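# Fold and geometry: a report
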Amino acid sequence: RNLSIADSMMEERPDSAMTILRHDSAAVVNCSENTRMTYAMLKIQADDKLYVTHKSDSVIRKVVEYFAEYGNARQQAQAWYLLGRVSYDLHHIYSAMSAWKKVLAIDAEDAIIYRYKARTVSWLAAIYEKEKIYEKVLECSQQTYKYAVKSDIPKNLKACVLRDIGRSYSYLRNNKKAITYYIQADKLAKQIPDEKLSRIIEEELAAIYIEEGMLQEAGDILLHPMKWTVQEELAPFYYTTGKYYEAKGDIDSAAFYYNKNISIASMYSKTLTVARLVDLYVKLGNHTEANKYRELGKVYEDSLTMQKHAEVEDNDVNAEEKVEIQRKN
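So, how was this worked out
Going along each chain's sequence as written, the residues are numbered from 1 onward. Per-residue local features are limited, in this predicted model, to residues with pLDDT of at least 70; the limit for side-chain atom pairs, both in listing and counting, is 80 or more; totals at the level of whole chains, interfaces and linings are taken over all residues. Where side-chain values are given, they derive from all heavy atoms of the structure, hydrogens and water being excluded. Any two of the Phe, Tyr and Trp rings considered here, Trp counted by its six-membered ring, make a pair once their centres fall within 6.5 Å; the pair's planes then place it as stacked at under 30 degrees, edge-to-face at over 60, or tilted in between. Runs of H or I in DSSP of at least four residues are treated as helices and runs of E of at least two as strands, each being numbered from the N terminus. Accessibility here uses a 1.4 Å probe with only protein chains present; expressed as a share of the type maximum, an area under 20% marks a residue as buried, one over 50% as exposed, and anything in between as partly exposed. By definition, residues are in contact when any of their heavy atoms lie within 4.5 Å. Axes here refer to lines fitted to C-alpha atoms; in helices the fit is confined to the stretch in contact. Angles between the N-to-C directions go from 0 to 180 degrees. Orientation categories follow fixed angle ranges, with anything under 35 degrees roughly parallel, anything over 145 roughly antiparallel, 65 to 115 roughly perpendicular, and all other angles oblique. Helix crossings fall into two classes, left-handed where the near helix is turned counterclockwise from the far one by less than a right angle and right-handed where it is turned clockwise. Residue classes follow a fixed rule: Ala, Val, Leu, Ile, Met, Phe, Trp, Tyr, Cys and Pro count as nonpolar, while Asp, Glu, Lys and Arg count as charged, and any other residue, Gly among them, counts as polar.

### Observations regarding the packing of aromatic side chains
We describe a pair of aromatic rings using the distance from one ring centre to the other and the angle between the two ring planes. For the structure on display, the rule yields 17 aromatic pairs. Taking the centre distance of 6.5 Å and the plane angle of 80° together, the rings of F237 and Y257 count as edge-to-face. Within this pair, whereas F237 is found in helix α14 (residues 231-248), its partner Y257 is found in helix α15 (residues 251-264), the two being separated by 20 residues in sequence. One exposure class covers both F237 and Y257, and it is buried.

### With respect to the environment of L83
Here L83 is to be found in helix α6 (residues 73-89). Accessibility expressed as a relative area gives 4% for L83, which makes it buried. It is 22 Å that separates the C-alpha atoms of L83 and V28, two residues lying 55 residues apart in sequence. Sequence-distant contacts of L83, defined by excluding residues within four places in its chain, comprise I60, R61, V64 and A99.

### A look at the packing of helix α4 (residues 33-49) against helix α5 (residues 58-70)
Running from amino to carboxyl end, α4 crosses α5 at an angle of 130°, the nearest separation of the two axes being 10 Å. By the angle between their axes, α4 is oblique relative to α5. Relative to α5, the crossing made by α4 is left-handed. Contact with α4, carried on its side by E33, N34, M37, T38, A40, M41 and I44, involves V59, I60, K62, V63, Y66 and F67 of α5 and no other residues of that element. Partitioning the contact of α4 with α5 into residue classes produces nine nonpolar, two polar and two charged.

As structure tokens, this is what we get:
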């Protein structure tokens, strides 16, 4: 019964589901194999929903093996999807794609199965996006939406899928179509209502308006007072507002917002912003300011390189940790 309750909470309250699962961990040992495998699958799913990086695939492979023989279509879709997620975290991309193809091969008209299919194709889109294969990104994003409509996925996630289709068209330099999907996504986000999601969608839409020279439309979004308040939303807002003023020829305002972005943005975003400031001041013939930002850009690039080295070292440490977890499992 508790596993059923945890499963019902998983989509909306994964932290509560995890609390129940941890509470019942000792009791599960003496239960049937079906209960143990269901518990293991739910525990992996809760970790996944709570953004815990998976470090071993030994348990999920046992789960997949069990449900492939004894499970129903829903359990099989869930197990294969989670094997893909675990494999992805372990950087086994081909194993992840192979597992996700198993999800897509399940033939059943079922809202929960369509949920896993939608998320599967969304992850495939993310893989193609990293490789910059944007035609495949668009294809996957469109397929994700078709599955999402048939699924029990919340409306805010459907809005995200519409936004992703818009992004895909933007990558392919078809901003006219991108704008239509962003507007649809924003309307859905407002209907829910999900103000945070609406702000994120509108900020990206403003950037596209700027590219298209539609500065009035961009200004209507960006100049709304007190709209952006959270730091992770403010950084891209500052960057886009800087682009807006640069496009209008208001260099002082552009530099002001670019510098506000630099003060809170990620290291990668800082390097992009500094590059824009260098170009801006070169065009003005102000080589003193341009050189100042060039030097700052070198500092950020060095920091970014050090950050990448640290990530490689962390991966080496994690590899040893993964071997030990695999041994224990």
